[in-house]
Each structure stands twice: as structure tokens, then as C-alpha cells.
Amino acid sequence: MGTVIKNGTIITAGDTVQADLLIDGEQIALIGRNLPVEGHEVIDATGKLLLPGGIDVHTHLELPFGGTLSSDDFFTGQRAAAFGGTTSHIDFAIQPKGGSLKEGVDIWHKKAEGKACIDYGFHVAITDLRPEVMDEIPALIDEGIPSIKLFMAYKGVLQVDDTTLFRSMAKAGEHGMLTMVHAENGDVIAELTAAALARGETAPIYHAKTRPSIVEGEATGRAVALAGVAGAPLYVVHMTCVEALEQLALGRARGFPVMGETCTQYMFIFEEDLGKPGFEGAKYVCSPPMRTPEDAEALWGALADGALQVVSTDHCPFWFEGGVAGRLPGKELGKVSFDKIPNGVPGIEDRMAVMWRHGVNGGHFSANRFVELMSTNPAKIFGLYPRKGTLAVGSDADIVIWDPEKSHTISAKTHHMNTDYNIYEGMTVQGWPDRVLLRGRTIVDGDRWLGSEGSGHFLHRCPHAAVI
Ligand SMILES: [Zn+2]
């Protein structure tokens, strides 16, 4: 017995078609008009859209940071993702200092073990690039991990110099792997931060003031140039501003294999939010920092015209009032000064709905482009396509039955993320998942959770993925 989803409108990156869809086991078996239903479970999707499950390629579950851990683990974070229509994500396995890349991968597998309830993969974030670690990069392919991440910021902690960046990018490229970079000039940020602290400027707003957009633009331009010289594919994570977009566009115009993502929060939250009274601004502290409404307009344009390829979340939640009632320490760690605030914001649950609201309902792009940014491009760039990222015969039956009429007001009171605030608090969205299927099985039905811990699969991803 299979499942037939009848009378819905199937939306992929390329097409909008009214058709029925037959699921056999975990895959899509048939798409067509008036499919026979005899012997099958039937789901009526009249008036609804069928979207491929969302893929969030940038998340941090249970991440050690600044003396605490991000507050969502692999169960709570993945369940929240599912409620928002995301059925796969890629998290960052962090190399322990002094350890190997493989050790980082093993640590992250343990975090997910027995908890995962959607499908997930890992990138490896390299924190200590000794020569023997460089040689370990190609071996990640056997682990199903064809992407690495390097940091041009966090001086003295994670930051690598240009020689290291260039060598590792070239090495990864040689083996069909993708290099991701956090592009901010960490040397300049360290100077600006020390100067601000010396002046007694400790409030959350100075997190943004000490990381100006030009510093992101400069590092983006440098990474893009190095990728061009190395002839190696590059993916710039969490791009936020005009200066960075210009550098990526220049690289792409030169034919360099470079791509970029932005994250949901940069479209809706701005630098001025960090200046809210008291300690409130700490809720919005992440790196790079929030920018201006003009930058957000440029990002919307870049998503619409193809200059940017992906929207992710960089989901990295912390409690606003942590350290009490059994909670891990959180943002309050930074009350003493902005540089002690754990960096990160929650968002894995809200990505699809807020981007639909402003992107599709707001007229920035089509529903097809929405699917491309949220699911198809992430799958193509990160070696998951066409198993994930589309609705086609043979693809995994990761399906969001999306109700474009349904309104929902976002609130920490009702969200499923393990944190006490929501950066979109009070925002009313129109368009919300009615039902979410993971490999053919319903895991979310309206407000009901039907998934189970341990049922999520690790995604062994392929190298030599597309450069889009
Ligand atoms: Zn991140």
C-alpha cells in the first residue's frame, strides 16, 4: 500500500503543475493526473501546494560556544525544523583543537545518535589546520562530507591566514569538494573591539559597530579572488551587505566558481535592533551582525536575480535568560560586555514561512524561485540532488503540503525551538505547512508531532556537486 496525495499543485524550481503524487515506501513513485487510489492511503490536498521539503544547509545544534552550548539539540532543533517545513539540514561538525577532522565528525555523530528525527548531513569546520590535517581533507569524502568551512574571523580562535585558506581551498577543489568561508576581516575586528572596550563601550550595539560591513566586503573579495586563482569552488556563508554582494558579483562576472547564501534574519532584523533599551539588543547578536534596511533590499534583489543562490538560517539559539530553571547559560553571559554575548539567533523553524511571506506574498520572487532557494539549490550545491530538493519520480518523498491561505502569528509561546524568545515575535505570516512528510511518513500534521527520535538518517553526500 502506498500513499496518494490528490488534487494538490506541485511546485518545483522549474514547474507548477496540478497533479497527483504516489508515494511507494520512502520515494515518489509516480506523478500524474487522476492516479488510481485503490489500495492506497489518500491525502486530499485540494487548495494546497506541494513543495519539496526545505533544506537548511547552515545550522548549529548543540554547539559549544563562549562557555555554553546552543540550546537546541538534535531532537528539539530538528523537530522545530520539521514544524516549519524543513526536512533536511546540514550542521557543522567542529574539529576539536589539537584533534583530527575525523574526531570532530565522530563527536557530531554522537550528538545526533538516537535523537535525529529529520535527515541531516555535516560539513566539517576546520579550527586547527596543521599539515597532517590538510592531508585529512580528501578523506572526508568517504565520510559522506564533501564540504569544509574555514574562518577569516575570530582572531586567535578560529581564524586562518590567507596561505592556509588558499591551500585548503585548492586541496578541496582538487577532490571535488566545496570550501565554505565565514568572510569578515578578523584582524580589523579585533582592533576595533579592543578600542571600543577601552572606551567603555560595552552595550550590545557595539557588537555591530565593531564589525562594519566594509570589513565583510573586504574579506569576501579576498576569498573570491583566492577561489579564482585556485580555480576551486567557494561558497560564502551568511552574506549580509551591499559591499559583500558586490564582491561576489564581480567574481561571478569573471567566471570564478563562487556562490553565496544569506540568512533569514538579515532580511528582517537591523543594526538598530541591537540598540534597543537595556540588554534587549543581545537577542540579535550574531556574526556578521545585522545591517541596514538598504542592505536587506539589496539582498532581496540578489535572491530574486540569481546573484545569491541559497537562504539558510545559521540557526544557533541561546536562552535570553539562561542559567536559571535548568537552562544552559545564554545571552546573559554578555551583560558585562558585548564581546561575551554568545553569537547566534534562533530561526530553523521560521525560515520557510517568513521568506514566503515577504518573498512570494511580497512580490520579490515566484513560488518556484522560493523552492529553488530553500530546497533545490541547497540540494544541488551540497551533493544531495535529485535525492532531495525536488519532487520527481525516484526522489525521497520529503513533501510539505503548504497551505498558502493559512495565517500564523509567530511567537516564542508557540514555537518549538528550545529558547525563550523569537526574533520574529508577533509577525503574522500567510502560508504555513499543513502537513510535512519525511521519506513518505507524516511527521507533522497541523499542530501534531508524529515523528520519532532516531528516525532521521545521516545523509552521505556526493562530491563534484554543481556550481550554480
Ligand atoms: Zn554559522
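All values derive from a computational prediction rather than experimental measurement. (Residues numbered from 1 in each chain as written. Predicted model: local features only at pLDDT ≥ 70, side-chain atom pairs only at ≥ 80, totals over all residues.)

(A) How the structure looks around helix 5 (residues 186-198). In this model helix 5 runs 18 Å from its N-terminal to its C-terminal C-alpha over 13 residues, within 8% of the 18 Å that 1.5 Å per residue would give. Taken together, the buried positions of helix 5 are Gly-186, Ile-189 and Thr-193. Looking straight down helix 5, one finds its buried side chains confined to an arc of 55°; they lie on one side. Turned more than 90 degrees away from the buried face of helix 5, the exposed residues are Ala-194, Ala-195 and Ala-198. At its buried positions, helix 5 is contacted by helix 7 (213-230). (Helix = DSSP H or I, 4+ residues; strand = E, 2+ residues; numbered from the N terminus. Expected span 1.5 Å × (residues − 1). Buried ≥ 20, exposed ≤ 12 C-beta atoms within 10 Å, placed from the backbone. Arc of directions from axis to C-beta. Contact = placed C-beta atoms within 7 Å.)

(B) Up close: the nonpolar core. Grouped together as the largest cluster of nonpolar side chains are 140 residues, with contacts concentrated most on Leu-50, Val-124, Val-181, Ala-223, Ala-227, Leu-234 and Val-236. A domain split of this core shows at least three residues from each of domain 1 (3-51 + 390-449) and domain 2 (53-372). Setting aside residues no more than four positions away along its own chain, Val-124 makes contact with Ala-93, Gln-95, Leu-101, Gly-104, Val-105, Leu-140, Ile-145 and Ile-148. (Core = buried A, V, L, I, M, F, W, Y, C linked by C-beta atoms within 7 Å. Domains from an automatic or database assignment.)

(C) A look at helix 1 (residues 76-83). Of all the eight residues making up helix 1, eight are buried; the element is thus mostly covered by neighbouring parts of the structure. Those residues of helix 1 lying buried are Thr-76, Gly-77, Gln-78, Arg-79, Ala-80, Ala-81, Ala-82 and Phe-83. In the stretch just after helix 1, Gly-85 is the one whose phi turns positive, near 95°.

(D) Up close: the domain arrangement of the protein chain. Under the domain assignment used here, the protein chain contains domain 1 (3-51 + 390-449) and domain 2 (53-372). Elements that contribute at least two residues to the side of domain 1 that touches domain 2 include exactly strand 5 (49-52), strand 16 (399-409), strand 17 (428-438) and strand 18 (441-445). Examining the composition of the side of domain 1 that touches domain 2, we find that seven residues originate from one element, strand 17, more than from any other.

(E) Broad picture of the pairing of strand 3 (residues 27-32). Note: strand 2 (residues 16-24) against strand 3, five bridges, orientation antiparallel. Each bridged residue has a counterpart across the sheet, and for Leu-21 the counterpart in strand 3 is Ile-31. The turn joining strand 2 and strand 3, which pair antiparallel and follow one another in sequence, is formed by two residues; a positive phi near 65° is taken by Gly-25. (Pairing = 2+ DSSP bridges.)

(F) Broad picture of the packing of helix 4 (residues 162-174) against helix 7. With their axes 10 Å apart at the nearest point, helix 4 and helix 7 run at an angle of 45° to one another. By the criterion of interaxial angle, the relationship of helix 4 to helix 7 is oblique. Helix 7 is crossed by helix 4, and the crossing has right-handed handedness. Packed against helix 4, whose contacting residues are Asp-162, Leu-165, Phe-166, Met-169, Ala-170 and Gly-173, the element helix 7 presents Ala-223, Leu-226, Ala-227 and Ala-230 at the interface. Among the residues forming the contact of helix 4 with helix 7, the class breakdown is eight nonpolar, one polar and one charged. (Axes fitted to C-alpha atoms, helices over the stretch in contact; angles between N-to-C directions. Parallel < 35°, antiparallel > 145°, perpendicular 65-115°, else oblique. Left-handed = near helix turned anticlockwise from the far one by under 90°. Nonpolar A, V, L, I, M, F, W, Y, C, P; charged D, E, K, R; others polar.)

(G) Structural context of the environment of Thr-3. Considering the arrangement of structural elements, one finds Thr-3 in strand 1 (residues 3-11). Overall, Thr-3 belongs to the buried group, with 21 C-beta atoms counted inside 10 Å. Between the alpha carbons of Thr-3 and Ala-29 there is a distance of 9.8 Å; along the sequence they are 26 residues apart. Thr-3 has contacts with Ile-23, His-40, Glu-41, Ile-43 and Gly-440, leaving out every residue within four places of it along the chain.

(H) The packing of helix 7 against helix 8 (residues 242-253), seen in detail. Between helix 7 and helix 8, the least distance of the axes is 7 Å, while the angle of their chain directions is 15°. As judged from the angle between their axes, helix 7 and helix 8 are roughly parallel. Every pair of crossing elements has a handedness; the one defined by helix 7 and helix 8 is right-handed. In this structure, helix 7 uses Ser-213, Ile-214, Glu-216, Gly-217, Thr-220, Gly-221, Val-224 and Gly-228 to contact helix 8, whose residues at the interface are Glu-243, Ala-244, Glu-246, Gln-247, Leu-248 and Gly-251. In terms of residue class, the contact of helix 7 with helix 8 is made up of four nonpolar, seven polar and three charged.

(I) Representation of the pairing of strand 5 within the structure. Residue alternation in strand 5 divides its side chains into two sets, Leu-49 and Leu-51 and Leu-50 and Pro-52, and both sets are buried. In this structure, strand 1 lies alongside strand 5, joined through two bridges in parallel fashion. Within strand 5, the position partnered with Thr-9 by the bridge is Leu-49. Bridge analysis of strand 5 against strand 16 gives four bridges, and the strand direction is antiparallel. Following the sheet pairing, Pro-52 is matched in strand 16 by Ile-399.

(J) Quick look at the sheet that holds strand 14 (residues 258-263). An order of 6-9-10-11-12-13-14-15 is seen for the eight strands of this open sheet, with the pairing classed as parallel. In this open sheet, the two edge strands, each paired with only one partner strand, are strand 6 (54-59) and strand 15 (310-312). Within this sheet the neighbouring strands show an average axis-to-axis angle of 30°, counted without direction. Two elements, strand 9 (residues 86-94) and strand 10 (residues 119-125), share seven bridges in a ladder whose sense is parallel. Looking across to strand 10, one finds that Phe-92 is bridged to His-123. Along the sheet, helix 7 makes contact with strand 12 (178-182), strand 13 (234-236) and strand 14, crossing strand 13 at roughly 170°.

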